Amino acid sequence: MPRLHAEPDRSKWVPVTDSLGFRGRRHRKAAIGMLLAQAKGPDAAPSSAGGGFTAWAMSQAVPFLMRRAAGRVLVWVWKADPELVVAMAQVQTATPQLRVARASMPIEYDDTEEFRGTYLGLGEKLVMPLPPGGRPPFATYTWDLGTHFVSVTAVCGDRERFGTVIGAVDDLARGIRVIDDLTIGESAPVLRIDPA
């Protein structure tokens, strides 16, 4: 299974993926709370009953789950304000079910624009500064690699400041790359071509 790799600007982003124990718990809690809010809407915000505890509990387990994911999921939060932006990159096998799910998304998700990654080539970018249902603003970047999808989702906790951080999110998404482990003799010779 391919793995993801990125080297974002450490002056702007704090990695959540490899943080364990007390180190990074504030960043993990903020990241999980924002991802829950984006997935479920305003009812999942930390202000809802039990929302803060859920984010805390998940923040304790997430580093181990991400380690089991073996590089298929990477997460970062905004260094200056962990509750402002969280970004998650993931690679998924392009199963027929996943392709159907992507094709069945609501019409507002069709408003994408081309986005070129440094390593992944041409993909799509969707920016939703005012998503329906009171959800927080977000941006998604997607590359269809044939056998796999690579996606980056960034969620912002402040609608008014969303426009001020989207450039840094673009830079983060642009730097995502896929790493394949190949064993000598495992396959025929592989020709790799720079997508640029």
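Refer to the structure presented above.
Residues numbered from 1 in each chain as written. Predicted model: local features only at pLDDT ≥ 70, side-chain atom pairs only at ≥ 80, totals over all residues. Heavy atoms only, no water.

Concerning the overall build of the protein
Part 1 of the argument: Within the protein one finds four helices and nine strands.
Part 2 of the argument: Each helix (α) and strand (β) of the protein, taken in turn from the N terminus, gives the series β-β-α-α-β-β-α-β-β-β-β-α-β.
Part 3 of the argument: Taking all 196 residues of the protein together, 41% fall into the buried category.
Part 4 of the argument: Sequence separation of 24 or more characterises 66% of the internal contacts of the protein that already satisfy a separation of 6 or more.
Part 5 of the argument: For the protein, the computed accessible surface area is about 11200 Å², with 55% contributed by carbon and sulfur atoms. (Helix = DSSP H or I, 4+ residues; strand = E, 2+ residues; numbered from the N terminus. Buried < 20%, exposed > 50% of the residue type's maximum accessible area, 1.4 Å probe, protein only. Contact = heavy atoms within 4.5 Å. Areas by Shrake-Rupley, 256 points an atom, 1.4 Å probe, with all protein chains shown as cover.)

Description of the pattern of salt bridges
Part 1 of the argument: With the rule as written, the count across this model stands at four salt bridges.
Part 2 of the argument: Residues Asp144 and Arg99 are paired through a salt bridge, measuring 2.9 Å at the closest nitrogen-oxygen approach. Within this pair, whereas Asp144 is found in strand E7 (residues 138-144), its partner Arg99 is found in helix H3 (residues 96-103), the two being separated by 45 residues in sequence.
Part 3 of the argument: In this structure, Asp171 engages Arg174 in a salt bridge whose closest nitrogen and oxygen atoms are separated by 3.1 Å. Of this pair, Asp171 and Arg174 are both found in helix H4 (residues 162-174), three residues apart, which corresponds to roughly one turn of the helix.
Part 4 of the argument: Look at Arg174 and you get partly exposed, because its relative accessible area is 29%. (Salt bridge = Lys/Arg side-chain N within 4 Å of Asp/Glu carboxyl O.)

What to know about H4
Part 1 of the argument: Compared with the 18 Å implied by 1.5 Å per residue over 13 residues, the 18 Å span of H4 between its first and last C-alpha is a close match.
Part 2 of the argument: Along its length, H4 shows its largest kink, about 25°, at Ala168. (Expected span 1.5 Å × (residues − 1). Bend = angle between axes of the 7 residues up to and from the residue.)

Examining the nonpolar core
Part 1 of the argument: Trp13, Trp76, Val85, Tyr141, Trp143 and Ile176 are the most contacted members of the largest nonpolar core, which has 28 residues in total.
Part 2 of the argument: Only strand E3 (73-78), strand E4 (85-93), E7, strand E8 (148-156) and H4 provide two or more residues apiece to this core.
Part 3 of the argument: It is H4 that provides the largest number of residues to this core, a total of seven residues.
Part 4 of the argument: The contact partners of Trp76, leaving out residues within four places of it in the chain, are Ala6, Pro8, Trp13, Val14, Pro15, Val16, Val85, Val86, Ala87, Ala89, Leu172 and Ile176.
Part 5 of the argument: Of all hydrophobic cores here, the second largest spans 10 residues; its members include Val75, Val77, Leu126 and Phe138. (Core = buried A, V, L, I, M, F, W, Y, C linked by side-chain atoms within 4.5 Å.)

Observations regarding the pairing of E8
Part 1 of the argument: Counting buried positions along E8 yields nine of nine residues, so the element is predominantly enclosed.
Part 2 of the argument: Burial along E8 is two-sided: His148, Val150, Val152, Ala154 and Cys156 facing one way and Phe149, Ser151, Thr153 and Val155 facing the other are all buried.
Part 3 of the argument: As paired strands, E7 and E8 are joined by seven bridges and run antiparallel to one another. The residue of E8 that forms the bridge with Ala139 is Ala154. (Pairing = 2+ DSSP bridges.)

Notes on the environment of Leu126
Part 1 of the argument: Within the fold, Leu126 resides in strand E6 (residues 121-128).
Part 2 of the argument: For the pair formed by Leu126 and Glu108, sequence separation is 18 residues and the distance between their alpha carbons is 9.5 Å.

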